[in-house]
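Per-entry structural report
Take a look at the letters that make up each chain.
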Amino acid sequence: MTKIIKAGVVGCGGIANGKHFPAIKRNGKIELVAFCDLIKERAEKAKEEYGTPDARVYTDYKDLVKEDVDVVYVLTPNNAHAPVSIAAMKAGKHVMCEKPMAKTYAEAKEMVETAKETGKILTIGYQNRYRADSQYLKSVCEADELGDIYYAKAHAIRRRAVPTWGVFLDEEKQGGGPLIDIGTHALDLTLWMMNNYEPASVTGSTYRKLADQTQTGNAWGDWDPEKFTVEDSAFGFIKMKNGATIVLEASWALNSLEVDEAKTSLCGTKAGADMKDGLRINRVHHGRQCVEKPNLGAGGVAFYDGEEERPQDIEAEIFYNAVTKGTPLTVKPEQALVVTQLLEAIYESAKTGKTIYFD
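Residues numbered from 1 in each chain as written. Predicted model: local features only at pLDDT ≥ 70, side-chain atom pairs only at ≥ 80, totals over all residues. Heavy atoms only, no water.

What follows deals with the overall build of the protein chain. Secondary structure assignment for the protein chain yields 10 helices and 15 strands. A compact globule built from 359 residues would reach a C-alpha radius of gyration of about 21 Å, and the protein chain, at 20 Å, matches this within 12%. When its C-alpha atoms are laid out on the principal axes, the protein chain stretches across 65 × 50 × 40 Å. Sequence-distant contacts in the protein chain: of pairs separated by 6 or more residues, those separated by 24 or more amount to 71%. By element, 47% of the accessible surface of the protein chain is carried by carbon and sulfur atoms, the whole surface being about 16400 Å². Side chains of the protein chain give 45 positive and 52 negative charges; the mean places of these two sets differ by 1 Å. (Helix = DSSP H or I, 4+ residues; strand = E, 2+ residues; numbered from the N terminus. Rg over C-alpha atoms; globule rule 2.2 N^0.38 Å. Contact = heavy atoms within 4.5 Å. Areas by Shrake-Rupley, 256 points an atom, 1.4 Å probe, with all protein chains shown as cover. Lys, Arg positive; Asp, Glu negative; His and termini not counted. Charge placed at Lys NZ, Arg CZ, Asp CG, Glu CD.)

As structure tokens, then:
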């Protein structure tokens, strides 16, 4: 018989309704029995749409983690990721926390330590790893087809697509803007492909150059400059202990036509790869330069064979299997910890004007 697990959710906003709730519903093996949000009406609405008939509603996460649930989804603003995740694990629950792992490296480190102390599963919502192009490229990297990857770019560039809802523009709640919001996905993909989590130094720059404009041409309507308390673009130069270099670029608003989000470019000793025009592998074959473009149509993932796979559905299935069968996580908390460490270092370098060195 299929095992049904019970889940509680803290945070019933955009990412819950846009990603997790529909994926959980399609999964069919996870019951949503408890909902928490600071705005009670949001939790009640989520219960009506996605919860069991007897699901409970809370406004304080400390009450929800006492519930009889197997897992807790932490889908809050960034500043609440650590306290909610830690409380849930200490209460005996497994945790799926949205990205980025935490607002600060110290908080993320405490999350990792709590997972080890409690023996509970902790994973982070980097669903872009489950895209067909990401999965294919990971296989290429694992087969050593690129060789030693010594230079990479992590792309998270929007031209004019500043999120104007929720708390995205609030530095206090989020810890930053496009760097911590979408730069985190691009950096996660890049480190994962390289299988390199040992940084040596970081030099970073952040800018707030367009945020005071009023006629913005923004995809979601004009932003409010007074509420725009984070950077509008950020750039990082990362050196790894093995000598590899990563350039990270992130923006919500930048006067650029080079627009790419949640993508990576890799340069190795045997071949290179990028996601600029679909997935492209560039190499020399029989003495000639050539480009390989794999067909990434349906049927590429074992448990969604013959269908177009949704990354969020694969994410939900992997979390479910880890909880019920003890199968390995794809996104390990120790990996997400390094992403947060590097993001924080870019902000710190931008603030101090100095290069940040790691022990």
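Before going further, it helps to spend a moment on the sheet that holds strand 1 (residues 5-10). Spatial strand order, 3-2-1-4-5-6: six strands in an open sheet with parallel pairing. With partners counted over all chains shown, the strands left at the sheet margins are strand 3 (56-58) and strand 6 (122-124), one partner each. Sheet twist, expressed as the mean angle between neighbouring strand axes with direction ignored, is 25 degrees. With three bridges joining them, strand 2 (residues 30-36) and strand 3 adopt parallel strand pairing. The residue of strand 3 that forms the bridge with Ala34 is Arg56. In the packing of helix 4 (residues 81-90) onto the sheet, the strands contacted are strand 1, strand 4 (71-74), strand 5 (94-97) and strand 6, and the crossing angle to strand 5 comes to about 160 degrees. (Pairing = 2+ DSSP bridges. Axes fitted to C-alpha atoms, helices over the stretch in contact; angles between N-to-C directions.)

Turning to the packing of aromatic side chains, a few remarks are in order. Following the criterion strictly, the structure yields nine aromatic pairs and no others. Geometrically, the ring pair formed by Phe21 and Tyr50 is tilted, given 5.0 Å between the ring centres and 35 degrees between the ring planes. With Phe21 in helix 1 (residues 14-27) and Tyr50 in helix 2 (residues 40-50), this residue pair connects regions lying 29 residues apart in the sequence. A residue is classified by how much of its surface remains accessible, and Phe21, at 0% relative accessible area, is buried. For the ring pair Trp165 and Phe168, a centre distance of 5.7 Å and an interplane angle of 80 degrees mean the geometry is edge-to-face. (Phe/Tyr/Trp six-rings, centres within 6.5 Å; stacked < 30°, edge-to-face > 60°. Buried < 20%, exposed > 50% of the residue type's maximum accessible area, 1.4 Å probe, protein only.)

With that out of the way, let us pick up the pattern of salt bridges. For the coordinates displayed, the defined rule picks out 24 salt bridges. The partner of Lys19 in a salt bridge is Glu98, and the shortest N-O contact between them spans 2.6 Å. Of the two residues, Lys19 sits in helix 1 while Glu98 sits in the loop between strand 5 and helix 5 (105-118), which places them 79 residues apart along the sequence. Of the residues examined, Lys19 reaches a relative accessible area of 5% and is grouped as buried. A salt bridge links Asp260 to Lys276; the nearest nitrogen and oxygen atoms lie 2.7 Å apart. With Asp260 in strand 11 (residues 260-268) and Lys276 in the loop between strand 12 (271-274) and strand 13 (280-285), this residue pair connects regions lying 16 residues apart in the sequence. (Salt bridge = Lys/Arg side-chain N within 4 Å of Asp/Glu carboxyl O.)

The next subject is the nonpolar core. Within the largest apolar cluster, 84 residues are counted, with the highest numbers of intra-cluster contacts made by Met101, Met111, Ile124, Leu137, Leu146, Leu191 and Leu266. Among the elements that take part in this core, helix 8 (residues 178-194) stands out by supplying 10 residues, more than any other. Residue contacts for Met111: discarding those within four places in its chain leaves His81, Ala82, Ser85, Ile86, Met89, Cys97, Met101, Ala102, Leu122 and Ile124. Formed by 23 residues, the second largest nonpolar core is a distinct cluster that contains Ala7, Ala43, Phe319 and Val323. (Core = buried A, V, L, I, M, F, W, Y, C linked by side-chain atoms within 4.5 Å.)

This next bit is on the sheet that holds strand 8 (residues 199-207). Strands sit in the order 14-13-12-11-7-10-9-8-15 across an open sheet of nine strands; the sheet is mixed. Of all strands in the sheet, those bounded by a partner on one side alone are strand 14 (288-292) and strand 15 (356-357). Pairing geometry for strand 7 (residues 149-157) and strand 10 (residues 245-251), over seven bridges, is parallel. When the bridges of strand 10 are listed, Ile157 appears paired with Ser251. Its contacts with the sheet place helix 6 (residues 132-142) against strand 7, strand 11, strand 12, strand 13 and strand 14, and it is angled at close to 15 degrees to strand 11.

The next point concerns the packing of helix 4 against helix 5. When two helices pack together, their arrangement is captured by the angle between the axes and the distance separating the axes. Contact geometry for helix 4 and helix 5: axes closest at 9 Å, N-to-C directions at 5 degrees. Comparing the axis directions of helix 4 and helix 5 gives the class roughly parallel. Only Glu107, Glu110, Met111, Thr114, Ala115 and Thr118 of helix 5 make contact with helix 4, whose side of the interface consists of His81, Ala82, Ser85, Ile86, Met89 and Lys90. Each residue belonging to the contact of helix 4 with helix 5 can be placed in one class, and the counts come to five nonpolar, four polar and three charged. (Parallel < 35°, antiparallel > 145°, perpendicular 65-115°, else oblique. Nonpolar A, V, L, I, M, F, W, Y, C, P; charged D, E, K, R; others polar.)

This brings us to the pairing of strand 8. The pairing of strand 8 with strand 9 (residues 233-240) spans eight bridges and is classified as antiparallel. By the bridge assignment for strand 9, Gly204 is matched with Gly236. Here strand 8 runs beside strand 15; their pairing, made up of two bridges, is antiparallel. Bridge pairing in strand 15 links Val202 to Ile356.

Another aspect to go through is the pairing of strand 5. The side-chain alternation of strand 5 yields two buried faces, one formed by His94 and Met96 and the other by Val95 and Cys97. Relative to strand 5, strand 4 is paired through four bridges, and the arrangement is parallel. Opposite Val74, over in strand 5, you have Cys97 as the bridge partner. Crossover handedness for the path strand 4 to helix 4 to strand 5: right-handed. Summarising the sheet, strand 5 and strand 6 pair through three bridges and their orientation is parallel. Looking at the pairing, Cys97 lines up with Ile124 of strand 6. (Right-handed = clockwise from strand over helix to strand, strands pointing away.)

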